[in-house]
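# A look at the structure
Letter by letter, the chains look like this.
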Amino acid sequence: ILNVDAKIKFAQTYSENLRLVVYVVENNLIRDQTNYTSSYYGGQDPIPNYVHNHVLRYSFTNPLGDNITESTLFGLTITKNFNTTIPLTLPFFITNPSEIGIVAFVINANNTVINVRYANLNENQLFEQNL
């Protein structure tokens with residue numbers, strides 16, 4: 001079971017509609033990679049044993065974000081909890097659960113990312129803020 005607490009703390013008041021996006025990604029996937037250039041990797045195609053990182057495997061939210069319906073006033077903190085059984089079958093399978101990472105970001109009405117964070121499994125992050 002994968003449990004994620006995504007915490008958002010507002011460094012200013014937002015009056016516009018904001019959305020939260022939370023993805024599960026997987027790292028260290030070794031696969032052949034198509035090479036569409038002739039200048040990189042000596043033009044070799046495919047590139048064997050290429051290491052892929054941050055591969056999207058699952059989205060806890062709508063891929064374009066879920067509306068944040070709570071108050072977005074300066075200083076407030078919102079916590080959203082997500083959980084799922086780690087998908088080990090298609091279409092969203094995880095090859096190696098120890099290589100999972102979480103990407104959470106907040107976007108505004110113009111689809112501009114306001115803030116984004118990446119976390120490894122079992123990592124609790126503190127807010128980075130200037131007071």
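Residues numbered from 1 in each chain as written. Predicted model: local features only at pLDDT ≥ 70, side-chain atom pairs only at ≥ 80, totals over all residues. Heavy atoms only, no water.

## With respect to the overall build of the protein chain
Heads up, the rule is: Secondary structure elements follow DSSP: runs of H or I no shorter than four residues count as helices, runs of E no shorter than two count as strands, and numbering proceeds from the N terminus. The globule rule used here is 2.2 Å times the number of residues to the 0.38 power, and the radius of gyration it is set against is calculated over C-alpha atoms. Residues are treated as being in contact if the distance between any of their heavy atoms lies within 4.5 Å. Computed by Shrake-Rupley with a 1.4 Å probe, the accessible areas treat only the displayed protein chains as cover when residues are assessed.
Scanning the protein chain from N- to C-terminus turns up zero helices and nine strands. Along the protein chain, helices (α) and strands (β) appear in the sequence β-β-β-β-β-β-β-β-β when read from the amino end. Computed over C-alpha atoms, the radius of gyration of the protein chain comes to 18 Å, more than 25% over the 14 Å expected from 2.2 N^0.38 for 131 residues, which places it beyond the range of a compact globule. Taking the principal axes of the C-alpha coordinates as reference, the protein chain spans close to 50 × 35 × 25 Å. Restricting to contacts in the protein chain with at least 6 residues of sequence separation, those with at least 24 account for 67%. Summing over all exposed atoms, the protein chain offers an accessible surface of approximately 8800 Å²; the carbon and sulfur share of this is 50%.

## Considering the nonpolar core
Grouped burial of nonpolar side chains is what soluble globular proteins tend to show. As a reminder, the rule being used: Buried residues of nine kinds, namely Ala, Val, Leu, Ile, Met, Phe, Trp, Tyr and Cys, make up a nonpolar core once their side-chain atoms join them within 4.5 Å. Accessible area is worked out with a 1.4 Å probe on protein chains only. A residue is then buried under 20% of its type maximum, exposed over 50%, and partly exposed in between.
Ranked by size, the top nonpolar core spans 20 residues in total, and within it Leu20 and Val22 carry the most contacts. Elements represented by at least two residues in this core include exactly strand E1 (2–9), strand E2 (19–26), strand E7 (77–84) and strand E8 (100–107). If sequence neighbours within four positions are ignored, valine 22 has contacts with Val4, Ala6, Tyr58, Ser59, Phe60, Thr61, Phe82, Ile102, Val103 and Ala104. Formed by six residues, the second largest nonpolar core is a distinct cluster that contains Val21, Tyr23, Val25 and Ile107.

## A few points about the packing of aromatic side chains
Just so we agree on the cut-off: A pair of aromatic rings is counted whenever rings of Phe, Tyr or Trp (Trp by its six-membered ring) have centres within 6.5 Å, and the orientation is called stacked for planes under 30 degrees apart, edge-to-face for over 60 and tilted otherwise.
Taken as a whole, this structure holds five aromatic pairs when the rule is applied. Each ring, one from tyrosine 58 and one from phenylalanine 60, has its centre 5.3 Å from the other, and the planes form 85 degrees; the classification is edge-to-face. In this structure an aromatic cluster arises from ring pairing among Tyr58, Phe60 and Phe82.

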